[in-house]
Each structure stands twice: as structure tokens, then as C-alpha cells.
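So the chains spell out like this:
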Amino acid sequence: MAKIEETIHGDFDSILDTLEKAVMNGSMSASCEDGSDYENGTFRCAVRVYERYSYSGGNRVSMALVLAGTDGDYQLTAITSGGSQGLFFKINTWGEENFLDTIRDAVDNLM
């Protein structure tokens, strides 16, 4: 499992659009499996689940992305899962790290 947690300031829709494009353009096999949006007053929350094939791990990897907050201050959490090998212990997490890398530059540019 790999994770990014950052506070990002800006327009909610622009931030979400930038992150979604980074994921989808970062891998030929990436797909958005599902998502959910919630809004209450100025508070907004978007949840997205992506998946892609990991060539390095030879399996599929998922990424859950949550963007939540209000008034231009948003918390981003992105967590990858799957892609490791081994029955009882994780032997490698290359696929998870590589999938998370597809949004690292976008996150850095948003900060």
C-alpha cells in the first residue's frame, strides 16, 4: 500500500479535474471504476476508485482518491492497493508505488 496525503488550496472542480486527468493519462490501462460526490453547503467531497494493470507486478492495482473540504481548502488522500505478491506478506509494492506516481507531479503542481 502506498499513500499521499496533502492539503491543497484552490478551486475544487479544477483540482479534481487535474487529478483525474493525471490518473487517466498516466497509464494506458487506467480506468475509473466508480465515484461518489457529496455536497453540503460549501463542504464538498469527491471519492474516486481507479484501477490499472501493473506490468511490473503482473496484476491489477487500485487507487482510492478522496478530495474533501470547504472554501478553497481541501484535503487530498490517495491510497493504492493490490499489486503485491505473496500469500501472507507483501513481497513487492512496485505496482502500487508506480500507480501513485501518476499523480505525484500533479499534486506537487497544485501545491
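Residues numbered from 1 in each chain as written. Predicted model: local features only at pLDDT ≥ 70, side-chain atom pairs only at ≥ 80, totals over all residues. Heavy atoms only, no water.

Q: How should the packing of aromatic side chains be read in this particular structure?
A: How two aromatic rings sit relative to each other is set out by the distance from centre to centre and by the angle between their planes. Summed over the entire model, instances satisfying the criterion amount to two aromatic pairs. Considering the side-chain rings of Phe12 and Tyr74, the 5.2 Å spacing of their centres and the 65 degrees angle between planes classify their relative orientation as edge-to-face. A residue pair is termed long-range when its members are at least 10 positions apart, and Phe12 in helix H1 (residues 12–25) and Tyr74 in strand E5 (residues 73–82) qualify at 62 residues. Judged on exposure class, the residue Phe12 and its partner Tyr74 are both buried. (Phe/Tyr/Trp six-rings, centres within 6.5 Å; stacked < 30°, edge-to-face > 60°. Helix = DSSP H or I, 4+ residues; strand = E, 2+ residues; numbered from the N terminus. Buried < 20%, exposed > 50% of the residue type's maximum accessible area, 1.4 Å probe, protein only.)

Q: Please explain the pattern of salt bridges as it appears in this structure.
A: When their charged atoms lie close together, side chains carrying opposite charge are able to pair. One pass over the full model with this rule turns up eight salt bridges. Between Asp13 and Arg44 there is a salt bridge, with its nearest N and O atoms 2.9 Å apart. Note that Asp13 is positioned in helix H1 and Arg44 in strand E3 (residues 43–54), a separation of 31 residues in sequence. We classify Asp13 as partly exposed; its relative accessible area is 41%. Arg60 serves as the salt-bridge partner of Glu51, at 2.7 Å between the closest nitrogen and oxygen. For Arg60, a relative accessible area of 39% corresponds to the partly exposed category. Several salt bridges share partner residues, and in doing so they unite Asp13, Glu39 and Arg44 into one network. (Salt bridge = Lys/Arg side-chain N within 4 Å of Asp/Glu carboxyl O.)

Q: Just to check I follow, could you spell out the confidence of the model for the protein chain for this structure?
A: Parts of the model with low pLDDT should not have their predicted coordinates read in detail. With 85% of its residues at a pLDDT of 70 or more, the protein chain shows a mean pLDDT of 87. The least confident element of the protein chain, judged by mean pLDDT, is helix H2 (residues 94–110) at 84; the most confident is strand E2 (residues 31–40) at 96. (pLDDT = per-residue confidence, 0-100.)

Q: How should the pairing of E5 be read in this particular structure?
A: Regular strands have side chains that alternate between both faces of the sheet. Of the strand pairs in this sheet, strand E1 (residues 2–9) and E5 are connected by eight bridges, and their pairing is antiparallel. Bridging across to E5, Thr7 finds its partner in Gln75. In this structure, strand E4 (residues 59–70) lies alongside E5, joined through ten bridges in antiparallel fashion. Counted as the bridge partner of Thr70 is Asp73 from E5. Hairpin connection of E4 to E5: two residues between the antiparallel strands, including Asp71 at a positive phi of 50 degrees. (Pairing = 2+ DSSP bridges.)

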